[in-house]
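Examination of the molecular architecture
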Amino acid sequence: MAKTLLEIAGLRKTYGAVEVLKGIDCAVHEGEVIAIIGSSGSGKTTLLRCINMLEDFQDGTIRLDGEEIGYHVEGSTRRRKSEKDIARQRALTGMAFQQFNLFPHMTAAQNVMLGLVKVKRLPKGEAHAIALKWLDRVGLGDRANHYPGQLSGGQQQRVAIARAIAMNPRLMLFDEVTSALDPELVGEVLQVIKDLAAEGMTMLLVTHEMRFAYEVASRVIFMNKGVIGEEGNPREMFVAPKTERLAEFLKTSSFN
Ligand SMILES: Nc1ncnc2c1ncn2[C@@H]1O[C@H](COP(=O)(O)OP(=O)(O)O)[C@@H](O)[C@H]1O
Ligand SMILES: [Mg+2]
């Protein structure tokens, strides 16, 4: 069995008085591709954002490579780690969102280089070489000097993915990365994710693309109202759901 890379135990998150994650337990092994599915508002995005410490959380633990993310817990005291520690931990995960968030005044290569230079402090030449390598890997070797405005949505999303991967994360988080794309551009982005999965990248992937989840995921997690409603391998989940909730959800989603 591959080693456990991510371990979440008893994760609880509230916004004000509203509890949106109500005790999540989950372990992810190296090389696993986890598809996270579920209705809008079920807590999928919040879960990813907690893993990356873009959100504070009130209870439970998240461990990445054995290291506790975001908080020190000693006995009954729980303290947020220093911003410096959190920044270092955040760099262990890469994230891509529905919105690409590229800098419009920077070329594709400059967008990918930015974190390498500013966060990893690599010399520009080295950062540029890494950027070109990853742009090439996502099929954009000939677009390195284009600005986002000169690229299609699918190409921009591939730049955003290259930017995250170039930082050499231990874990990739994808949050509905194809939801803002025209249908004809979805395939090229999913193919990039498929290639990364085939190369052994560990990933959590929130998606509405049920067919894609079925094909690529090693395991599927169904989020329902802040808890894991059901999980299993794609075949079990999509072909023989155990819970009524999942069966209902699949009926209303686009698995065909
Ligand atoms: N910044 C926020 N402030 C208050 N409530 C929020 C915030 N972000 C999300 N929520 C609420 O948390 C719940 C889970 O949201 P989210 O994680 O975005 O769900 P999903 O990604 O599954 O659609 C929803 O009820 C949403 O309204
Ligand atoms: Mg979401």
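Residues numbered from 1 in each chain as written. Chains lettered and ligands numbered in written order. Predicted model: local features only at pLDDT ≥ 70, side-chain atom pairs only at ≥ 80, totals over all residues. Heavy atoms only, no water.

**Digging into the sheet that holds strand β10 (residues 203-206)**
- Pairing is mixed across the open sheet formed by 6 strands, whose spatial order is β8-β9-β10-β3-β11-β12. The open sheet has two edge strands with one neighbour each: β8 (93-96) and β12 (227-232). Averaged over all neighbouring strand pairs, the angle between strand axes comes to 20 degrees, with direction disregarded.
- Pairing of strand β3 (residues 33-37) with β10, which is carried by 4 bridges, proceeds in the parallel orientation. For Val 33, the partnering residue across the bridge sits in β10 and is Met 203.
- Packing against the sheet, helix α5 (residues 153-166) makes contact with β8 and β9 (171-175), and its axis sits at approximately 170 degrees to β8.
- Against the sheet, helix α9 (residues 244-252) makes contact with β3, β11 (219-224) and β12, and its axis sits at roughly 95 degrees relative to β11, the strand it touches most. (Pairing = 2+ DSSP bridges. Helix = DSSP H or I, 4+ residues; strand = E, 2+ residues; numbered from the N terminus. Axes fitted to C-alpha atoms, helices over the stretch in contact; angles between N-to-C directions. Contact = heavy atoms within 4.5 Å.)

**Quick notes on helix α1 (residues 44-51)**
- With respect to burial, α1 is a largely interior element, 6 of its 8 residues being buried.
- Burial in α1 covers these residues: Lys 44, Thr 46, Leu 47, Leu 48, Cys 50 and Ile 51. (Buried < 20%, exposed > 50% of the residue type's maximum accessible area, 1.4 Å probe, protein only.)

**Notes on the nonpolar core**
- If you look at the biggest cluster of nonpolar residues, it comprises 42 residues, and the most contacted ones within it are Leu 135, Val 159, Ile 161, Phe 174, Ile 193, Leu 196 and Met 203.
- Within the residue set of this core, elements represented by two or more residues are α3 (108-118), α4 (124-137), α5, β9, α6 (183-198), β10 and α7 (210-216).
- Looking at which element gives the most residues to this core, the answer is α6, with 8 residues.
- Val 159 has contacts with Leu 102, Ala 108, Asn 111, Val 112, Leu 135, Leu 140 and Leu 151, leaving out every residue within four places of it along the chain.
- Formed by 29 residues, the second largest nonpolar core is a distinct cluster that contains Val 20, Cys 50, Met 53 and Ile 221. (Core = buried A, V, L, I, M, F, W, Y, C linked by side-chain atoms within 4.5 Å.)

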